[in-house]
Amino acid sequence: MNAGKTRLNRMPEWTALGKHREQLGATHLRELFAADAERGSRYTLQVGDLYLDYSKHLVTDETLALLRELAAATDVAGLRDAMFRGEKINTTEDRAVLHTALRAPRDAVVEVDGENVVPDVHAVLDKMAAFSERIRSGEWTGHTGKRIRNIVNIGIGGSDLGPAMAYEVLRSYTERDLTFRFVSNVDGADLHEAVRDLDPAETLFIIASKTFTTIETITNATSAREWLLTNLRVGPDAVAKHFVALSTNGEKVSDFGIDTANMFEFWDWVGGRYSYDSAIGLSLMIAIGPDRFREMLDGFHLVDEHFRTAPPEANAPLLLGLLGVWYGAFFDAQSHAVLPYSHYLSKFTAYLQQLDMESNGKSVDRDGNPVDWQTGPVVWGTPGTNGQHAYYQLIHQGTKVIPADFIGFAKPVPGLLAGLVPQHDLLMANFFAQTQALAFGKTPEEVRAEGVADELVPHKTFKGNHPTTTILAEDLTPSVLGQLIALYEHKVFVQGAIWNIDSFDQWGVELGKVLAKKIEPVLTEGKGGEQLDSSTATLAGKYRTLRGR
Ligand code: F6P
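Quick caveat, the model's predicted, so the values are computed rather than measured.

(A) Geometry of the environment of I207. Secondary-structure assignment places I207 in strand β7 (residues 203-208). The exposure class assigned to I207 is buried, which follows from its relative accessible area of 0%. A sequence separation of 53 residues divides I207 from I154, and the C-alpha atoms of the two residues are 5.0 Å apart.

(B) Broad picture of the site of the ligand. Around the ligand, 13 residues are found, and the nearest of them are S159, S209, K210, T211 and T214. At 2.6 Å from an oxygen atom of the ligand is found a side-chain nitrogen or oxygen belonging to S159. Protein chains shield 86% of the accessible area of the ligand, which is 390 Å² for the free molecule.

(C) View of the packing of helix α5 (residues 76-84) against helix α20 (residues 478-499). Where α5 contacts α20, the axes come no closer than 9 Å and their chain directions differ by 125°. Considering the angle they form, α5 stands oblique to α20. Of the two elements, α5 crosses α20, and the hand of that crossing is right-handed. Between α5 and α20, the contacting residues are V76, L79, R80, M83 and F84 on the first element and H490, F493, V494, A497 and I498 on the second. Residue composition of the contact of α5 with α20, grouped by class: eight nonpolar, one polar and one charged.

(D) A look at the pairing of strand β8 (residues 243-247). Across the five residues that make up β8, a large majority, five, are buried. With burial as the criterion, each face of β8 is covered, one bearing F243, A245 and S247 and the other bearing V244 and L246. Of the pairings in the sheet, the one linking β8 to strand β9 (residues 263-265) comprises three bridges and is parallel in character. Note that in β9 the partner of S247 across the bridge is E265. Read as a crossover between parallel neighbours, the route from β8 over helix α11 (residues 250-256) to β9 is right-handed.

(E) A look at the UniProt feature "active site" (unreviewed entry) in the protein. When the UniProt feature table is mapped onto this chain, "active site" (unreviewed entry) is found at E358, H389 and K513. Across 156 residues, the annotated set is spatially dispersed, with a maximum C-alpha separation of 37.2 Å. On the secondary structure map, H389 appears in the loop between β11 (378-380) and α16 (392-397). With respect to the helices and strands, the residue K513 is situated in helix α21 (residues 510-525).

(F) Local environment of the environment of D75. Its place among the elements puts D75 in the loop between α4 (61-73) and α5. Residues D75 and I498 lie 423 residues apart in sequence; the distance between their C-alpha atoms is 7.9 Å. In terms of polar contacts, D75 uses its side chain to reach the backbone amide nitrogen of G78, at 3.0 Å.

(G) Local environment of the pairing of β7. When you tally the buried positions in β7, you get six out of six residues, the bulk of the element. Of the two faces of β7, both are covered, the one formed by T203, F205 and I207 as well as the one formed by L204, I206 and A208. Two elements, strand β5 (residues 150-154) and β7, share five bridges in a ladder whose sense is parallel. Considered in β7, the bridge of I154 is made with I207. Where β7 lies against β8, four bridges are found, and the strand directions are parallel. In the strand pairing of β8, A208 is matched with L246.

(H) Representation of a negative patch on the surface within the structure. A grouping of E111, E115, D120 and E265 is seen on the molecular surface, where their side chains present a negatively charged patch. Under the relative-accessibility criterion, D120 is labelled partly exposed at 38%.

(I) Inspection of the side chain of N153 at higher detail. Among the secondary structure elements, N153 is positioned in strand β5. For N153, a relative accessible area of 0% puts it in the buried group. Of the polar contacts made by the side chain of N153, one reaches the backbone oxygen of S159; its length is 3.2 Å. Among residues more than four places away in sequence, those in contact with N153 are S159, D160, P163, R181, F182, V183, I206, A208, L246 and S283.

Calculation criteria
Residues numbered from 1 in each chain as written. Predicted model: local features only at pLDDT ≥ 70, side-chain atom pairs only at ≥ 80, totals over all residues. Heavy atoms only, no water. Helix = DSSP H or I, 4+ residues; strand = E, 2+ residues; numbered from the N terminus. Buried < 20%, exposed > 50% of the residue type's maximum accessible area, 1.4 Å probe, protein only. Near = heavy atom within 4 Å. Polar contact = N/O pair within 3.5 Å; in protein donor to acceptor, adjacent residues only side chain to side chain. Areas by Shrake-Rupley, 256 points an atom, 1.4 Å probe, with all protein chains shown as cover. Axes fitted to C-alpha atoms, helices over the stretch in contact; angles between N-to-C directions. Parallel < 35°, antiparallel > 145°, perpendicular 65-115°, else oblique. Left-handed = near helix turned anticlockwise from the far one by under 90°. Contact = heavy atoms within 4.5 Å. Nonpolar A, V, L, I, M, F, W, Y, C, P; charged D, E, K, R; others polar. Pairing = 2+ DSSP bridges. Right-handed = clockwise from strand over helix to strand, strands pointing away. UniProt positions renumbered as here; feature names shortened; annotations may be inferred. Patch = residues over 30% accessible without salt bridge, like charges linked within 9 Å, V, L, I, M, F, W, Y side chains within 5 Å. Salt bridge = Lys/Arg side-chain N within 4 Å of Asp/Glu carboxyl O. Lys, Arg positive; Asp, Glu negative; His and termini not counted. Charge placed at Lys NZ, Arg CZ, Asp CG, Glu CD.

Right, here's the structure in full:
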């Protein structure tokens, strides 16, 4: 698609940014704020319910203009439009990339290979809604006639992280009488802990796998079936009442023994890490109900439309993507922290890790040439205020450039115990304090003025100048969650477009899978060790000895 393009780092727009970076030198955020009294209100955007403050970034009007020129020169908008049109922009897998169709309204038209996919999307959403209501109302019963009270989602990667994350985020909207568990790890401990206190007669397993071939998921699903049949002392006909599948692969679902009538379908144009708003979200829909799920999809759609139509200077995903490119290329930033100030967002950053790192962890461009510029950063972070008492030290006073996103909410979640509501202001005071401290720091003069002994002044000085984005919303609703996820999805898209990489394949996960298959018989039967390198062979031998084999 981009064949013949000038290499990114030889583009005049790139060179101009490099020169501009040199001119900016060690310019401090203190100076930028002093020079413009309006900076804190001018460098902001409102997108739906999300208020974005990007004033605490190491940028000027000129930087932003140069970054937008880079976006224009790399034709981010062209690739974006091709994505929305359903073109096969995932070239290495020859697939369209249409997660945006999953949240399109019923009357929208989105074509893949000349066919409108929106009616199919809504047919599956309707089927999910009907099923969710049957579970929530108690109408759907297990094999013995007991109502379902426990829902166990078995999946991994995009078939786990999305629903598991969103269930936590929206916990205050969930049906509290139902128990939800998420099993992903092939380590049997995961399934063991998930089912050990459950009554199989009241348990529904949702087997979530796009391909229905992923070894972890199929192994856990097989063990779950065994657990259910053994503990209920029933035959395989009980499976129909206790297992449903979410997949693109009807044949494999059927081979596993799940009736395809109990399968909720999605399509190969939905990437795993972009799939929790498809059938993969069934557990979430059961938890929050179809109406809340729709509110979430509408939140996604709002940001899709913003990304598709907002002009470059007011386009939030474009801006966030460009800022990441800026720090990676010209400040040697290797990582990006996402620091939500909400306990409910405890799995949010883990979810973003897959979204960002599986998408943009690439080192060849779309034509297969090695890139000689930074691509995706290491994404990490946990909710504040916990991190403040752990690793923030390094962000404040370490040697690394770590751009960070701070995400917070003006109101505590609905239904919080009244006595706990005042704690929200303390939480948010920390939220604002951290970005202030990171940006402006504390000068040696300020430290000295507090009477600190000379030898301690360097230790108590905060250099500041650490870039952050603040994202503030009124409250944490299903729609706001959809808006946030779509914002990050499109940010990742923008960066992939600029770096000229395929953000929608994931070949890097394949090698380990193939090698694990070869190593398993070495561990279990002691066969094939001679084909391994000396380190792995010795380790496998050691393992066998420790296992008493
Ligand atoms: O790890 C690779 C990967 O293919 C992810 O992209 C995907 O989300 C995950 O495995 C699970 O795949 P599946 O849904 O096909 O089981």
